[in-house]
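An overview of the molecular structure
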Amino acid sequence: QVQLVESGGGLVQPGGSLRLSCAASGFTFSTYSMNWVRQAPGKGLEWVSTINNDGVNRYYADSVKGRFTISRDNAKKTVYLQMNSLKPEDTAVYYCNADINFRPYWGQGTQVTVSS
């Protein structure tokens with residue numbers, strides 16, 4: 001079965017960095033685009049970034065462009081989100097997401113809190 005497991009969240013001061021990881025299993029990872037989506041307290045889901053199957057094409061929300069970098073390692077079946085220059089407004093639960101055979105799959109999420 002498809003599984004997406006995020007890790008790497010935590011508490012960081014404004015201006016700090018974190019790297020999130022999402023380990024995938026149960027599907028042919030190298031053939032699917034992967035997404036990061038976040039949900040801030042009391043708000044809806046916000047798309048953050050997408051990387052295509054071979055890592056060549058990467059897309060970012062305007063709110064994170066220039067600060068976040070998405071990458072993937074198809075041999076390790078893992079997608080990453082490097083987050084730099086973090087701001088309090090980046091505080092959210094971050095989810096890994098993939099649409100596989102026209103069905104969305106989600107990880108359990110990892111909490112990122114940016115606070116001094």
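The structure under discussion appears in the preceding block.
What this report covers is the structure whose coordinates are included nearby. (Residues numbered from 1 in each chain as written. Predicted model: local features only at pLDDT ≥ 70, side-chain atom pairs only at ≥ 80, totals over all residues. Heavy atoms only, no water.)

1. Focus: the overall build of the chain
Filter applied, for reference: Numbered from the N terminus, helices here are DSSP runs of H or I no shorter than four residues, and strands are runs of E no shorter than two. Atoms counted for the radius of gyration: C-alpha only. Globule rule: 2.2 Å times residue count to the power 0.38. In this scheme, a residue with accessible area under 20% of its type's maximum is buried, one over 50% is exposed, and one in between is partly exposed, where area comes from a 1.4 Å probe on protein chains only. Two residues qualify as a contact provided that any one of their heavy atoms is within 4.5 Å of a heavy atom in the partner residue. To be clear on the numbers: accessible area is Shrake-Rupley with a 1.4 Å probe, and residue cover counts the displayed protein chains and nothing else.
Counting its regular elements, the chain contains 0 helices and 11 strands. The N-to-C order of helical and strand elements in the chain reads β-β-β-β-β-β-β-β-β-β-β. Radius of gyration (C-alpha) of the chain: 13 Å, near the 13 Å computed for a compact globule of 116 residues. Seen through its principal axes, the chain has C-alpha atoms that stretch 40 × 25 × 20 Å. Here the chain, with 116 residues, has 45% of them falling under the buried criterion. Looking at the chain alone, contacts between residues at least 24 apart form 51% of all its contacts between residues at least 6 apart. Put simply, the chain shows about 6100 Å² of open surface, and 48% of that area lies on carbon and sulfur atoms.

2. Examining the packing of aromatic side chains
Going by this rule: Two rings belonging to Phe, Tyr or Trp (six-membered ring only in the last case) form a pair when the distance between their centres is within 6.5 Å. Interplanar angles under 30 degrees mark stacking, angles over 60 mark edge-to-face geometry, and anything in between is tilted. A positively charged side chain is recorded as over a ring if its NZ (Lys) or CZ (Arg) lies within 6 Å of the ring centre. The angle to the ring normal must also be within 35 degrees.
Summed over the entire model, instances satisfying the criterion amount to 3 aromatic pairs. Plain terms: the ring middles of Phe27 and Phe29 are 6.2 Å apart, the flat faces sit at 55° to each other, and that makes the pair tilted. Judged by relative accessible area, which is 2%, Phe29 ranks as buried. Each ring, one from Tyr95 and one from Trp106, has its centre 6.2 Å from the other, and the planes form 85°; the classification is edge-to-face. Highlighted residues: Tyr95 in strand β9 (residues 92–100) and Trp106 in strand β10 (residues 103–106), separated in sequence by 11 residues. Taking the relative accessible area as the measure of exposure, Tyr95 reaches 18% and is therefore buried. When its relative accessible area of 39% is taken as the criterion, Trp106 is described as partly exposed. Cluster of aromatic residues (ring-pair linked, three or more members): Phe27, Phe29 and Tyr32. For the cation-ring pair, Arg72 lies above Phe29, with the distance from its terminal atom to the ring centre recorded as 4.3 Å.

3. Some remarks on the state of the cysteines
Disulfide: a covalent bond connecting the sulfur atoms of a pair of cysteines. The condition is simple: Pairs of cysteine sulfur atoms within 2.5 Å are what we label disulfides.
Under the criterion given, the structure shown has 1 disulfide. Through a disulfide, Cys22 is tied to Cys96; the S-S separation comes to 2.1 Å. Linking Cys22 and Cys96, the disulfide has an S-S dihedral of approximately -80° and is accordingly described as left-handed. One end of the pair, Cys22, is in strand β3 (residues 18–25); the other, Cys96, is in strand β9, and 74 residues separate them in sequence. Look at Cys22 and you get buried, because its relative accessible area is 0%.

4. Description of the pairing of strand β11 (residues 110–114)
In plain terms, the rule: Here the rule is simple: two strands pair whenever DSSP picks up at least two bridges between them.
Because side chains alternate across β11, one face comprises the buried residues Thr110, Val112 and Val114, and the other comprises Gln111 and Thr113, none of which is buried. Inspection of the sheet shows strand β2 (residues 10–12) paired to β11 by 3 bridges, in the parallel sense. Paired with Leu11 across the bridge in β11 is Thr113. Note that β9 and β11 share 3 bridges and pair antiparallel. Bridge pairing in β11 places Ala92 opposite Val112.

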